Amino acid sequence: MTIDPDRPSPPKPLPTYAGLRVLLAEDEPMATKLAQGALKVMGITDIVAVRDGEQALAVLEHEQGQFQLIVSDWNMPRMSGLEFLKAVRRRFPHMKFVMLTGKATSEFVVAAREHGVDAYVVKPFSPNQLRRKIESLFTF
């Protein structure tokens, strides 16, 4: 068998995220739909969506941390995304965590980083922005 150096190599297959289980904490219905759509385009179909940090923490505890990724809004009723992040880091320090926010102030960035956020996405966001952030967290 000879190899033709002028023949282009086959394209690398795109990474698959189909095996990821995602916990999505977002109180705005449109942002929830946008995030779910972006995740589904990536091949992620196991998405548990809740409306606030308290519900998210309850689901996370009930499921014993059986998620590979959390996508959470910063501003939510009952428990903020930052409070949720702190709780997650105490119990599941290596869980991948992406924060969604409408405010990318320096205070936000500092607070989120101090508490171990892996990435953040500023609202309004496009599905591609969320996808790129998530792809930066996983290597296959």
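Look a little higher up for the structure.
We now turn to the structure provided with this report. The model shown is predicted, which means the values in this text are computed figures rather than measured ones.

## What about the overall build of the protein?
Part 1 of the argument: Along its length, the protein carries 5 helices and 5 strands.
Part 2 of the argument: Each of the 140 residues in the protein was classed as buried or not, and the buried ones make up 43%.
Part 3 of the argument: Pairs at least 24 apart in sequence give 67% of the contacts found in the protein among residues at least 6 apart.
Part 4 of the argument: Accessible surface computed for the protein: about 8,300 Å², of which carbon and sulfur atoms make up 54%.

## Focus: the packing of aromatic side chains
Part 1 of the argument: This structure, assessed with the given rule, holds 3 aromatic pairs.
Part 2 of the argument: Measuring from centroid to centroid gives 4.4 Å for Trp74 and Phe108, while their planes differ by 65 degrees, and the two rings are edge-to-face. Remark: Phe108 occurs in helix α4 (residues 106-114) and Trp74 occurs in the loop between β3 (69-73) and α3 (81-91); sequence separation between them is 34 residues.
Part 3 of the argument: Here Trp74 falls in the buried class, since its relative accessible area comes to 16%.
Part 4 of the argument: Pairing Phe84 with Phe97 gives two aromatic rings, centres 5.6 Å apart and planes at 55 degrees, and the pair type is tilted.

Analysis parameters
Residues numbered from 1 in each chain as written. Predicted model: local features only at pLDDT ≥ 70, side-chain atom pairs only at ≥ 80, totals over all residues. Heavy atoms only, no water. Helix = DSSP H or I, 4+ residues; strand = E, 2+ residues; numbered from the N terminus. Buried < 20%, exposed > 50% of the residue type's maximum accessible area, 1.4 Å probe, protein only. Contact = heavy atoms within 4.5 Å. Areas by Shrake-Rupley, 256 points an atom, 1.4 Å probe, with all protein chains shown as cover. Phe/Tyr/Trp six-rings, centres within 6.5 Å; stacked < 30°, edge-to-face > 60°.

So yeah, pure geometry; function would need other evidence.
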